[in-house]
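Commentary on secondary and tertiary structure
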2 protein chains.
Amino acid sequence: MKIITINREFGSGGRELGKKLAEELGFAYYDKEIIDAIAEKSKLDPNYINKAIEDGMWRNYPVTFNNTFAYMPVIETPGTRLISWQSEVLHEIAAKSDCVIVGRAADAILDELHPLKLFIYADMEAKVIRCQERAEEGENLTDREMVRHIKKIDRSRASNHDLVASYRWGDRNGFDLCVNTTSVEIDSVIKPLAEYARAWFK
Amino acid sequence: MKIITINREFGSGGRELGKKLAEELGFAYYDKEIIDAIAEKSKLDPNYINKAIEDGMWRNYPVTFNNTFAYMPVIETPGTRLISWQSEVLHEIAAKSDCVIVGRAADAILDELHPLKLFIYADMEAKVIRCQERAEEGENLTDREMVRHIKKIDRSRASNHDLVASYRWGDRNGFDLCVNTTSVEIDSVIKPLAEYARAWFK
């Protein structure tokens, strides 16, 4: 199976890019669906799981290793059980069809399946503009508050990723292609990136 | 004019990638030609200039700023005069035709012309293999010596770059696209990258 994993800075358009890339390639696309699948498996509340995986609730989990998921000691805590369900779900997804998976440390958890690993990022100014444009009604953050919000979410993403990965979130050395969306229309680079992916999987 | 600048880790295949990308796009390609042009302008020996620009001889030049080239105080030293000739040559090249420029801090020096900035890199293991394959006869470095050699050259490139740039060599935030060549054939990604460049310049 061909797997593309996407890690992204909040506000960089990584999710949009992933979704459109999946459409272009005819790959399945997974994002929030992963949370629902873990919820079904674990019988836990999806909101709880989302909070745990995306907002960093399991950061209290004692970490004494800095290696890939495969080498993790199995200690039964709510955190490890969640990682274990997350890993099961991701492997099931990866076995089903070619796919694009956004976030959820899929790049690290599925490392041995050799996914094409993308990292999507942008300048802070561009991210703030994008987030303000997409803010729902009633969500009124000042630009300064938005910067804090973006940084907070990215810190959570980084720490959750780094818990199961042998390389740091956003460190280019861990990724195959790092795409800065500051100066491009996302729509315009979907076809070139799909071409890149096709070449990569050959 | 459309300008693509390429910075690259030694042994990552960045020069080959740049040359082939230029061919694919029908752009002019500049690499060592820059040294010759500076030599002509300055009446200095090309070997001296190459050493100064690539091997970090001007690192002794006193640096008290960390901003783009445009804000550099003009102090007449052999180092600043070289930077000034380098800048002149790069601007002349950029004004002539669409082009791909490899190294020589062109990304920073031509910043205000909005080049598409690529950074090419690879895992150390892949770089050592590539360098050993390309080593000329009689050039017998052990793998360990090769690692040291690669790191030394990259340190020089980084410090020469950072002297005139507002961002660090290899920091993804300073670049538009960072390409890891570890798991791909360079030939296979030339067309996708050319497509990416065309989309980017639209």
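Above this text you will find the structure in question.
About the criteria used
- Residues numbered from 1 in each chain as written.
- Chains lettered and ligands numbered in written order.
- Predicted model: local features only at pLDDT ≥ 70, side-chain atom pairs only at ≥ 80, totals over all residues.
- Heavy atoms only, no water.
- Helix = DSSP H or I, 4+ residues; strand = E, 2+ residues; numbered from the N terminus.
- Buried < 20%, exposed > 50% of the residue type's maximum accessible area, 1.4 Å probe, protein only.
- Contact = heavy atoms within 4.5 Å.
- Phe/Tyr/Trp six-rings, centres within 6.5 Å; stacked < 30°, edge-to-face > 60°.
- Buried area = accessible area lost by both parts, 1.4 Å probe.
- Salt bridge = Lys/Arg side-chain N within 4 Å of Asp/Glu carboxyl O.
- Polar contact = N/O pair within 3.5 Å; in protein donor to acceptor, adjacent residues only side chain to side chain.
- Least-squares fit on C-alpha atoms with pLDDT ≥ 70 in both.
- Axes fitted to C-alpha atoms, helices over the stretch in contact; angles between N-to-C directions.
- Parallel < 35°, antiparallel > 145°, perpendicular 65-115°, else oblique.
- Nonpolar A, V, L, I, M, F, W, Y, C, P; charged D, E, K, R; others polar.

As a further point, take the overall build of chain A. Along chain A, the regular secondary structure elements total eight helices and five strands. Its helices and strands in sequence order give chain A the pattern β-α-β-α-α-α-β-α-β-α-α-β-α, from N to C terminus. Counting across all 202 residues of chain A, residues that qualify as buried make up 52%. Considering only contacts in chain A between residues 6 or more positions apart, those separated by 24 or more positions represent 71%.

All right, on to the packing of aromatic side chains then. All names here are of chain B. Within the structure shown, the criterion is met by ten aromatic pairs over all chains. A centroid spacing of 5.2 Å and a plane angle of 55 degrees characterise the contact between Phe-119 and Phe-175, whose relative ring orientation is tilted. With Phe-119 in strand β4 (residues 116-121) and Phe-175 in the loop between α7 (143-164) and β5 (177-180), this pair connects stretches of sequence that are 56 residues apart. One exposure class covers both Phe-119 and Phe-175, and it is buried.

The partner chain B presents 23 residues to the 23 residues of chain A that form the contact. Summing both sides of the interface, chain A and chain B together bury roughly 2000 Å²; the carbon and sulfur share of this comes to 53%. Contact with chain B buries area across many residues of chain A, yet Tyr-121, Arg-172 and Tyr-196 of chain A alone supply 30% of it, more than any other trio. Residues Glu-9 of chain A and Arg-172 of chain B are paired through a salt bridge, measuring 3.1 Å at the closest nitrogen-oxygen approach. There are 13 residue pairs in polar contact (both at pLDDT 80 or more) connecting chain A and chain B. Of all the secondary-structure elements, those providing two or more residues to the side of chain A that touches chain B are β4 (116-121), β5 (177-180) and α8 (186-201) of chain A. A per-element tally of the side of chain A that touches chain B places α8 of chain A first, with eight residues.

As a further point, take the relation of the copies chain A and chain B. Two copies of a chain can be linked by a rotation about an axis combined with a shift along that same axis. Mapping chain A onto chain B is achieved by rotating through 180 degrees and translating by 0.0 Å along the same axis, at an RMSD of 0.0 Å. Viewed as a symmetry operation, the transformation between the two copies matches a two-fold axis. Both copies present the same face, since 100% of the interface residues in chain A are matched by interface residues at the equivalent positions in chain B.

Let's shift gears to unusual backbone geometry. Residue and element names in this part refer to chain B. The backbone of Arg-104 shows a phi angle near 55 degrees, a positive value even though the residue is not glycine. Within the fold, Arg-104 resides in the loop between β3 (99-102) and α5 (106-109). With relative accessibility at 4%, the residue Arg-104 sits in the buried group. One non-glycine residue with positive phi stands out, namely Ala-105, at about 55 degrees.

All names here are of chain A. A full pass over the atoms with the stated rule returns 26 salt bridges over all chains. Between Lys-191 and Glu-24 there is a salt bridge, with its nearest N and O atoms 3.7 Å apart. Residue Lys-191 is located in helix α8, and its partner Glu-24 is located in helix α1 (residues 14-25); the two are separated by 167 residues in the primary sequence. Classification of Lys-191 by relative accessible area gives exposed; the value is 54%.

Attention now goes to the packing of α8 of chain A against helix α8 (residues 186-201) of chain B. Packed helices, taken two at a time, are described by the angle between their axes plus the distance between the axes. For the pair α8 of chain A and α8 of chain B, the least separation of the axes is 8 Å and the interaxial angle reads 175 degrees. Judged on the interaxial angle alone, α8 of chain B and α8 of chain A are roughly antiparallel. Residues Ser-188, Val-189, Pro-192, Leu-193, Glu-195, Tyr-196 and Ala-199 of chain A of α8 of chain A pack against Ser-188, Val-189, Pro-192, Leu-193, Glu-195, Tyr-196 and Ala-199 of chain B of α8 of chain B. Partitioning the contact of α8 of chain A with α8 of chain B into residue classes produces ten nonpolar, two polar and two charged.

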